[in-house]
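Each chain, written out:
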Amino acid sequence: MKRIFIVFALGCCLAFIQCGKNDTTFLITENSVGSLLKTSTIGTLETIFVQDSIVKDTSRFKVGTKTEKIKVFEKGGKHLLTLTSNSESVPTIGNIRIFDSRYTTAKGIGLNSTFKEIQNKYTIKKTVTTLNSVVVFPKGSNLYFTIDKEELPSNLRYTTSNIETVQIPDNAKIKYLMLGWD
């Protein structure tokens, strides 16, 4: 009887551990962010985020064109994601900006990661310098990471020339984590 109980208890523990490993609530992949899939349409967002709050912000810049940003908040008010729709006949998600540090890639990279951690997990395809930041694009991925120029050495903060990967300090923090599905 004791053996049966021990085997049952071990089975329950393993099942519990396995369930924890398969939790994809905050997992970022090339084709999903949590429950949101690359193929999800704007019309299905209310169903996908049924436990959360969705705020739509629609602006018209030109007649016939529409830019739609959709913000997703937890019921407690924490900003999770901002989604931008694409302009297809059946709108899907074009870009996603991650706001919650619980979201991480399958390689363990999230908003709390540093540039060194990105380099250890991804091959960097290119960096693009903007006025206030450096955008890092990993090879073979739709992800991109933005690092504020304030994270750079003072002699690079105000430059307009392209900043190379080797010039970014290892401890530079991620300002924005985004995924583009356009």
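All figures in this text were calculated on a predicted structure; none of them were measured in a lab.

Asker: Looking at this structure, I do not really get the pairing of strand E12 (residues 176-180). What am I missing?
Answerer: The two faces of a sheet get side chains in turn, since along a regular strand they alternate between them. E12 sits mainly inside the fold: four of its five residues count as buried. In this sheet, E12 lies alongside strand E7 (residues 93-98) in antiparallel orientation, the contact comprising four bridges. The partner of Asn95 across the bridge, within E12, is Gly180. Bridge analysis of strand E11 (residues 143-148) against E12 gives four bridges, and the strand direction is antiparallel. In the strand pairing of E12, Thr146 is matched with Tyr176.

Asker: Would you mind showing me how to read the confidence of the model for the protein chain here?
Answerer: Parts of the model with low pLDDT should not have their predicted coordinates read in detail. Considering every residue of the protein chain, the mean pLDDT works out to 85; 82% of them sit at 70 or more. A low-confidence stretch, residues 5-20 stays under pLDDT 50, and its non-local contacts, those more than four residues away or across chains, total zero contacts.

Asker: Just checking my understanding: could you explain the environment of Gly140 for this structure?
Answerer: Counting through the fold element by element, Gly140 comes out in the loop between strand E10 (133-138) and E11. C-alpha separation for the pair Gly140 and Glu30, spaced 110 residues apart in sequence, amounts to 9.6 Å.

Asker: Sorry if this is basic, but what is going on with the pairing of strand E9 (residues 124-129) here?
Answerer: When E9 meets E10, the two strands line up antiparallel, connected through five bridges. Paired with Thr129 across the two strands is Val134, which belongs to E10. In sequence, E9 turns back onto E10 through a hairpin of three residues.

Rules used in this analysis
Residues numbered from 1 in each chain as written. Predicted model: local features only at pLDDT ≥ 70, side-chain atom pairs only at ≥ 80, totals over all residues. Heavy atoms only, no water. Buried < 20%, exposed > 50% of the residue type's maximum accessible area, 1.4 Å probe, protein only. Helix = DSSP H or I, 4+ residues; strand = E, 2+ residues; numbered from the N terminus. Pairing = 2+ DSSP bridges. pLDDT = per-residue confidence, 0-100. Contact = heavy atoms within 4.5 Å.

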